[in-house]
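# Summary of the model geometry
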Amino acid sequence: MKKGLLVLTALVFSVACVFSMVGAADAPENIEMKSPVFKKHKKAIVTLSHKKHAEDYKIPCADCHHVYKDGKNVWKEGDKVQKCTECHKEAKAPKAKKGDPKMSKADKIKNYYYSAIHENCVACHKAEKKKGKNAPSACKDCHPKKK
């Protein structure tokens, strides 16, 4: 009985591993983070190495891909991957005018592409850097100089 349970557990684990690799394998190796919400990009476009993030760094898919319901990320591997701009439809939050209340960070992230991308990517890179890992966190590290 124990041997059968062990074999079944190994089989389930193997299938789960194969399916997790299939999801990452279907994704493009590199993703150009060019967004149509900007009329003109002020900095050079970031090229994200999806393969490095998923395979080499072993970042769980749901760390970047998300669908929030009741404040929780309910996205799971195998779900449709939406473009960031499907939810973060505006380019960059406007600065509050003198005397007007400032927009909350949560509202900026929810509505504005710039805030969402920078919160997701830059915040993660800075956290990894604090752990002593070599994660780029300066603008020039991800945005190469325009040619």
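Residues numbered from 1 in each chain as written. Predicted model: local features only at pLDDT ≥ 70, side-chain atom pairs only at ≥ 80, totals over all residues. Heavy atoms only, no water.

We now examine the overall build of the chain. When helices and strands are counted, the chain shows 5 helices and 4 strands. What you see in the chain, going N to C, is helices and strands ordered as α-β-β-α-β-β-α-α-α. The burial tally for the chain puts 13% of its 147 residues in the buried class. Taking all contacts inside the chain whose residues are at least 6 apart in sequence as the whole, residues at least 24 apart take part in 37%. Summing over all exposed atoms, the chain offers an accessible surface of approximately 12300 Å²; the carbon and sulfur share of this is 60%. (Helix = DSSP H or I, 4+ residues; strand = E, 2+ residues; numbered from the N terminus. Buried < 20%, exposed > 50% of the residue type's maximum accessible area, 1.4 Å probe, protein only. Contact = heavy atoms within 4.5 Å. Areas by Shrake-Rupley, 256 points an atom, 1.4 Å probe, with all protein chains shown as cover.)

Once that is clear, we can look at the packing of aromatic side chains. Scanning the model with the defined rule gives 1 aromatic pair in all. Arranged with centres 5.9 Å apart and planes meeting at 80 degrees, the rings of Phe38 and Tyr113 form a pair that is edge-to-face. Taken as a pair, Phe38 in the loop between β1 (30-32) and β2 (47-49) and Tyr113 in helix α4 (residues 113-130) lie far apart in primary sequence, 75 residues in all. Here Phe38 falls in the partly exposed class, since its relative accessible area comes to 21%. The ring centre of Tyr114 lies 4.2 Å from the NZ or CZ of Lys92, which sits over that ring. (Phe/Tyr/Trp six-rings, centres within 6.5 Å; stacked < 30°, edge-to-face > 60°. Lys NZ or Arg CZ within 6 Å of the ring centre and 35° of its normal.)

Counting all residues, the mean pLDDT for the chain is 83, and 82% of those residues have values of 70 or more. Element-level pLDDT for the chain is lowest in helix α1 (residues 2-26), with a mean of 42, against a maximum mean of 95 in strand β4 (residues 72-73). A low-confidence stretch, residues 1-23 (pLDDT under 50), is modelled with 3 contacts involving residues beyond four sequence positions or located in other chains. (pLDDT = per-residue confidence, 0-100.)

Unusually for a residue other than glycine, Lys58 sits at a positive phi of about 55 degrees. With respect to the helices, strands and loops of the structure, Lys58 is situated in the loop between α2 (50-56) and β3 (68-69). Despite not being glycine, Asp70 shows a phi value in the positive range, around 55 degrees. Looking at the element boundaries, Asp70 is found in the loop between β3 and β4.

For the rest of this paragraph, the subject is the environment of Ala91. Within the secondary structure layout, Ala91 lies in the loop between β4 and α3 (105-111). C-alpha separation for the pair Ala91 and Lys39, spaced 52 residues apart in sequence, amounts to 8.7 Å. What Ala91 contacts, discounting residues up to four positions off in sequence, is Val37, Phe38, Tyr112, Tyr113 and Tyr114.

Mapped onto the fold, Ser49 is located in strand β2. If we ignore the near neighbours within four places in the chain, the residues touching Ser49 are Glu29 and Asn30.

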